[in-house]
Amino acid sequence: MIGLAQSGAKGEVDINHLVRRQIKVIGSYGARARQDLPKLIKLAESGIFNLTAAVSRTCKFEEAPQAYRDLDKGAIAGRAVVEIM
């Protein structure tokens, strides 16, 4: 999920589901996209990150629903990328 909810918004999470599937909830608040993103792109272009090893599957935007089903079933190990362009 990207972005923030409205102030005061609440959500429920099944903690047992997270623990059983070893799901990590990671967040970032206060990032400076206009400053940080160009720096990250330069680092990626330099080859410092092994992006090929980090991504285990890519799919087209039209295939995203199936990718989410596969992710839910645990059929995707590692990271999946949905190409939108």
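Relevant structure appears above.
Position numbers for residues count from 1 along each chain, tracking the sequence in the order it is written. Confidence filtering applies because this is a predicted model: local features only for residues at pLDDT of at least 70, side-chain atom pairs given and counted only at 80 or more, and all residues used for totals across whole chains, interfaces and linings. Values shown for side chains rest on all heavy atoms present in the structure; no hydrogens or waters enter the calculation.

As for the pattern of salt bridges
Take a side-chain nitrogen of Lys or Arg and a carboxyl oxygen of Asp or Glu: if they are within 4 Å of each other, that pair is a salt bridge. With the rule as written, the count across this model stands at three salt bridges. D72 is paired through a salt bridge with R21; the nearest N and O atoms lie 3.7 Å apart. Highlighted residues: D72 in helix α4 (residues 64-73) and R21 in the loop between α1 (15-20) and α2 (33-46), separated in sequence by 51 residues. We note a salt bridge from K73 to D70, for which the minimum N-O separation is 3.7 Å. Highlighted residues: K73 and D70, both in helix α4, separated by three residues, approximately one helical turn. Think of it in three bands: with a 1.4 Å probe and only protein chains considered, a residue is buried below 20% of the maximum accessible area for its type, exposed above 50%, and partly exposed in between. Overall, D70 belongs to the buried group, its relative accessible area being 10%. What you see here is one network of salt bridges that share partners, running through R57, D70 and K73. Per the convention used, a helix needs a DSSP run of H or I reaching at least four residues, while a strand needs a run of E reaching at least two, with both numbered from the N terminus.

Some words on the layout of surface pockets
For each structure, a 1 Å grid was placed over the protein atoms alone; sets of points admitting a 1.4 Å probe that cannot get out are labelled cavities, open sets with protein on both sides within 12 Å along at least five of seven lines are labelled pockets, and lining residues have an atom within 4 Å of a point. Grid points are joined across faces, edges and corners, and a volume is the space filled by probe spheres set on the points. A volume near 230 Å³ is recorded for the second largest pocket. Together, L51, A54, V55, R79, A80, V81 and V82 line the second largest pocket. Elements represented by at least two residues in the lining of the second largest pocket include exactly α3 (51-54) and β2 (79-83). Looking at the lining of the second largest pocket, the element that brings in the most residues is β2, giving four residues. As a working rule, the residues Ala, Val, Leu, Ile, Met, Phe, Trp, Tyr, Cys and Pro are called nonpolar, Asp, Glu, Lys and Arg charged, and the rest polar, with Gly in that last group. Residue composition of the lining of the second largest pocket, grouped by class: six nonpolar, no polar and one charged.

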